[in-house]
Amino acid sequence: MEENLVIVESPAKAKTIEKFLGKNFIVKSSNGHIRDLAKKDFGIDVANNYSPIYEVTPDKKKIVSELKKAAKQSKVVWLASDEDREGEAIAWHLFETLGLKESNTRRIVFHEITKDAILHAVENPRSIDHDLVSAQQARRILDRLVGFELSPVLWKKVKPSLSAGRVQSVAVRLIVEREREVHGFNAESAFKITALFSVEDKNGKLIQLAADYQDRLRSGKEVEDFLKACSSGSYVVSEVQKKPSKKSPAPPFTTSTLQQEASRKLGFSVSQTMTIAQSLYEAGKISYMRTDSVNLSDTALDAIKKHVIGQFGDKYFKLRKYKSKIKGAQEAHEAIRPSYMDQESVSGTYQEQRLYELIWKRAVSSQMADAEIEKTNIIIDCSACPNQFIASGEQIKFDGFLRVYHESTDDENGGSKTIILPEIKVNSEMGLIKIDAIQKFSKHAARYTEASLVKKLEELGIGRPSTYAPTISTIQKRGYVIKEDREGTKRNYFHYTLKDKKVSKEEKTEITGAEKAKLFPTDIGMVVNDFLIKYFDNILDYNFTADVEGKFDEIALGKMEWTKMIDKFYHPFHNRVVSTLEESERNSGERILGNDPVSGKVVLARIGRFGPIVQLGDAQNGDQPVFASLNKNQLIETVTLDEALLLLKNNKDGRKLGIDPQSGKPVFVRVGRFGPMVQIGESEDKEKPRYASLMANQDISTMDLELALKLFELPRVVGEYKDLTVTIGVGRFGPYIKYDSKFTSLKKTDDPMTIDLERAIELIEAKQESDEKKIIKTFPKEKDILVMKDRWGKPCIKYKTKYIKIPKGIVPEDLSLEKCKELIDIEIKPLSKKTISKKPTVKKAKSK
């Protein structure tokens, strides 16, 4: 019998811990959660005080069997999952599922995977904290109730196959509201006026100095009058202001601040940051990465002090103890820091090295002295101006923590550059070289990046360190939000210059509105958001969502019973779901808008096969109904009769753009079954009309005859590559290249009307190379089965059109054909009751 069995969540963590424990310890991994709520009937017995119904997931049955066997053969079982609520829940599920006993089970936690931390944890075990387990369980059950009850409402009232989540829906609301704020913004312009002077410094040397005028002028006439007056003015330094100031370092990283800074400085996505941080933690290089605390342990503080004084001297060190400003922060935890403060760098991937360096610098700088800065303003009077010119700058007198680290900001203007001003005496006369007056436009609030969205969620008290990354990933995977770059548009502006007492005017062009890696709501995201706000406003209320997080914190502290918290929320929510569904059932999913004033036929709004539609006429009355799709920003619940009639008219006749010069037939633009399209000919003609889809960047309202006719030039042949034809076209999913019966999407910067063969080959080869890299393993005998990476880069098994998840702990390269078939059977059997494996046990399951 083995002395000790230690169970952790991941194989990587197991390997690191195994190095620190003696031969009497065996370390095994559960590969995360071993069981979850059953999918049948919510997995929750609502009538029995919300009792959860758990089941071991199919991919974990083998692991559970192995752990049970190992536990029976061990004298003591140590549950060493992470110290947060999720980790505590994993420990509890292991205890329950493996049938462990309290007498020989120990719960140990540690904030870092170092030898000292592990041995200290073993010497100080505790029991499972059931309050933490209850908090995790409450979050899981509440989210399951919201998701499983709300999603069917969306299927019936908005569009099939949609889903909704509690925190995710609030995140989408933030992005939708910001987008509407951007679209509703009206930019105002004013002229920024900057003068360039010549003046003698304290040594008598003639230098140049730029200064800004303290008023902004609104019109071109004001600018011209101002500059003409300035041409005869005199300029003198009336005052030199010097003010000392200090800049303090930022606290060490929490989960959210690490995600924000890694996004700004390294360009990492939120999920990428957490994946890299997880690897660093499990390798024993940093402390636990899911935390909202800014505390540092005394050991860490001593190590930083030693390093700072040894490297830079006593004056650079300043002991600081930070306190979190975030509501509900768990101060008992520690901030993210290196496990060994004397290691400025570590081995690993390039991304791991960069993130580690960021964490190290932030932790060290947090215990360093303030930077001492002298800010200077030179005030310049103008005899012909009602206001003054001011030159501003600063000089670093003592760099302090800036010697190591400088925090980034979300300021999209790049902030102000540090300008060191020369020493100039009061009453010095200034020679005017020129004055520039450049038209500037006010800017709308910035769209969210992943980093700024995390910051906003944290400010509102929504979510916790473990939820930010999955929330942002989920809203993108569901298609409610997209992260992308967008090109700006050209804008003209005026530039006036006064030089040599002459005023000149020039019209220039700039690019405005360009966006990089910003979050945009999709059309369906906006529709779902509007529907949820109308019918389930409390679910999307920021204060309500933050209050729920506060309740979870109270449960974790043992101050609230989790079932009472769920019960208080569930009943009014469930009643709202029922009433909304009953309304849908009463109307058979239809809403009567009124009658067409011309035909007298009824006009309905309802869910059709491909989404929300309006309908003229009723088949039950002997009518031949006419249909039209709702626009992407329209809802069944709010569309009016007039809007419906316009949609029906446009869809039946379309908007006539003109006559096709080749056929002499009319050209229309309208909404078809698969979206906006143009049409040559009429449906009543003997010859069938020709159709072409609009491109993603085109709009029905701005389509003209010339643009419409160009769409019919597609598909077009651009040449041959390796004796096969290369064709460019536009389909349901956008512009594409067709080559060798395979399709390659064009990039957003590629125009299907102008792309040439050289560029097409470049995209084809890139796609082929990408596809080859995705393939991990193939089976010649089974061409329908292969091991590959999915669109997110995660290994999976592809079976025909289905993608099957590979359980944790299984090396994709080692998968055999039989093992692939076994995993495919587990995935598809509940759906089709068909199996592809020839094992007798699987055949037996088929007969049930």
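Quick note: structure is the one above.
The structure reproduced in this document is the subject of the present report. (Residues numbered from 1 in each chain as written. Predicted model: local features only at pLDDT ≥ 70, side-chain atom pairs only at ≥ 80, totals over all residues. Heavy atoms only, no water.)

**Re the sheet that holds strand β1 (residues 2–8)**
Quick note on the threshold: Note: two strands are recorded as paired if DSSP finds a minimum of 2 bridges between them. For helices the rule is a DSSP run of H or I covering at least 4 residues; for strands it is a run of E covering at least 2, with both sets numbered from the N terminus onward. To get an axis, fit a line to the C-alpha atoms, keeping to the stretch in contact for a helix; angles then go from 0 to 180 degrees between the N-to-C directions. Contacts between residues were defined by any pair of non-hydrogen atoms, one from each residue, lying within 4.5 Å.
The strand order across the open sheet built from 4 strands is β2-β1-β7-β8, with neighbouring strands paired in parallel fashion. In the strand order of this sheet, the two ends are held by β2 (25–29) and β8 (105–107), each with one partner. Along the sheet, successive strands turn relative to each other by an average axial angle of 25 degrees, direction set aside. When β1 meets strand β7 (residues 74–79), the two strands line up parallel, connected through 5 bridges. Within the sheet, the bridge partner assigned to Glu2 lies in β7 and is Ser74. Each of β1 and β2 touches helix α1 (residues 11–18); the most contacted strand, β2, lies at about 165 degrees to it.

**Some remarks on the nonpolar core**
Put simply, the rule reads: Buried residues of nine kinds, namely Ala, Val, Leu, Ile, Met, Phe, Trp, Tyr and Cys, make up a nonpolar core once their side-chain atoms join them within 4.5 Å. Each residue is placed in one exposure class: buried if its accessible area under a 1.4 Å probe, protein chains only, is under 20% of its type's maximum, exposed if it is over 50%, and partly exposed if it falls in between.
In this structure, Phe110, Leu355 and Phe536 are the most contacted members of the largest nonpolar core, which totals 135 residues. With 11 residues, helix α5 (residues 130–157) is the largest single contributor of residues to this core. Not counting residues within four places of it along the chain, the set of residues in contact with Phe110 comprises Lys13, Ile17, Ala80, Glu83, Ala117, Ile118, Ala121 and Tyr281. With 29 residues, the next largest nonpolar core counts Leu217, Cys230, Ile378 and Cys382 among its residues.

**Focus: the packing of helix α8 (residues 255–266) against helix α11 (residues 350–365)**
Between two packed helices, what matters for the description is the angle formed by their axes and the separation of those axes. Applied cut-off: In what follows, roughly perpendicular refers to angles from 65 to 115 degrees, roughly parallel to angles under 35, roughly antiparallel to angles over 145, and oblique to any angle outside these ranges. For any helix crossing, the convention is left-handed if the near helix is rotated counterclockwise from the far helix by under a right angle, and right-handed if that rotation is clockwise. Each residue is assigned to one of three groups, with Ala, Val, Leu, Ile, Met, Phe, Trp, Tyr, Cys and Pro labelled nonpolar, Asp, Glu, Lys and Arg labelled charged, and all others, Gly among them, labelled polar.
Contact geometry of α8 with α11 gives a least axis separation of 11 Å together with a crossing angle of 120 degrees. The orientation of α8 relative to α11 falls into the category oblique. Here the hand of the crossing between α8 and α11 comes out right-handed. For the pair formed by α8 and α11, the contact residues are Thr257, Leu258, Glu261, Ala262, Lys265 and Leu266 on the first element and Arg354, Leu355, Leu358, Ile359 and Arg362 on the second. Classifying every residue of the contact of α8 with α11 by side-chain character gives 6 nonpolar, 1 polar and 4 charged.

**Topic: the sheet that holds strand β31 (residues 775–778)**
Taken together, 4 strands build an open sheet; the order of strands is β31-β32-β33-β34 and the sheet is antiparallel. Each of the sheet's edge strands pairs with one partner strand only, and the pair in question is β31 and β34 (802–805). The average angle at which neighbouring strand axes cross in this sheet is 30 degrees, direction not considered. For strand β33 (residues 795–799) and β34, the ladder comprises 4 bridges, and the chain directions are antiparallel. Within β34, the residue paired with Cys796 across the bridge is Lys805.

**Quick look at the state of the cysteines**
Throughout this description, disulfide means a covalent bond between two cysteine sulfur atoms. Using the following cut-off: By convention in this document, the label disulfide applies to cysteine sulfur atom pairs within 2.5 Å.
This structure, assessed with the given rule, holds 1 disulfide. Disulfide pairing places Cys382 opposite Cys385 at an S-S distance of 2.3 Å. Between Cys382 and Cys385 the disulfide shows an S-S torsion of about 55 degrees. By sign, it is right-handed. Side by side, Cys382 and Cys385 carry an identical accessibility label, which is buried. Free of any disulfide, Cys820 has its nearest neighbouring cysteine sulfur in Cys796, separated by 10 Å.

**Brief notes about the pairing of β1**
Within β1, 5 of the 7 residues are buried, which leaves the element mostly enclosed by the surrounding structure. Pairing analysis gives 5 bridges linking β1 to β2, with the strands arranged parallel. Note on β2: the bridge partner recorded for Val6 is Val27.

**With respect to the side chain of Gln259**
Relative to the assigned elements, Gln259 resides in helix α8. Looking at Gln259, the relative accessible area reads 1%, which means it is buried. When residues no more than four places from it in sequence are discounted, the contact partners of Gln259 are Val270, Thr273, Met274, Ala451, Val454, Tyr468 and Ala469.

**Remarks on helix α2 (residues 61–72)**
Formally: To estimate how far a helix should extend, the number of its residues minus one is multiplied by 1.5 Å. What the arc covers is the set of directions going from the helix axis to the C-beta atoms.
Compared with the 16 Å implied by 1.5 Å per residue over 12 residues, the 17 Å span of α2 between its first and last C-alpha is a close match. Here α2 has its buried residues at Ile63, Val64, Leu67, Ala70 and Ala71. With its buried residues spanning 130 degrees around the axis, α2 presents them on a single face. Opposite the buried face of α2, at more than 90 degrees from it, the exposed residues are Lys61, Lys62, Lys69 and Lys72.

**Thoughts on the environment of Pro465**
Structurally, Pro465 can be placed in the loop between α12 (450–459) and α13 (468–477). The sequence separation of Pro465 and Val454 amounts to 11 residues, and the corresponding C-alpha distance is 9.6 Å. Beyond its immediate chain neighbours, meaning those up to four positions away, Pro465 contacts Thr255, Arg290, Thr291 and Asp292.

**A word on the packing of helix α6 (residues 166–183) against helix α14 (residues 523–535)**
As a packed pair, α6 and α14 sit with axes 10 Å apart at the nearest point and diverge in direction by 110 degrees. Here α14 runs roughly perpendicular to α6, going by the angle between their axes. As α6 runs across α14, the sense of the crossing is left-handed. Contact residues: Ser169, Val172, Arg173, Val176 and Arg180 in α6; Gly525, Met526, Asn529, Asp530, Leu532 and Ile533 in α14.

**A short note on the side chain of Asp201**
We count it as follows: Here a polar contact is taken to be a pair of N or O atoms separated by no more than 3.5 Å, where protein atoms must pair a possible hydrogen donor with a possible acceptor and residues adjacent in sequence count only if both atoms sit in side chains.
If you trace the backbone, Asp201 turns up in the loop between β9 (189–200) and β10 (206–213). At 2.9 Å, the side chain of Asp201 forms a polar contact with the backbone nitrogen of Lys205. Contacts of Asp201, omitting those with residues within four sequence positions, involve Ile207 and Glu423.

**Structural notes on the environment of Ala229**
By the secondary structure assignment, Ala229 is in helix α7 (residues 220–230). With relative accessibility at 29%, the residue Ala229 sits in the partly exposed group.

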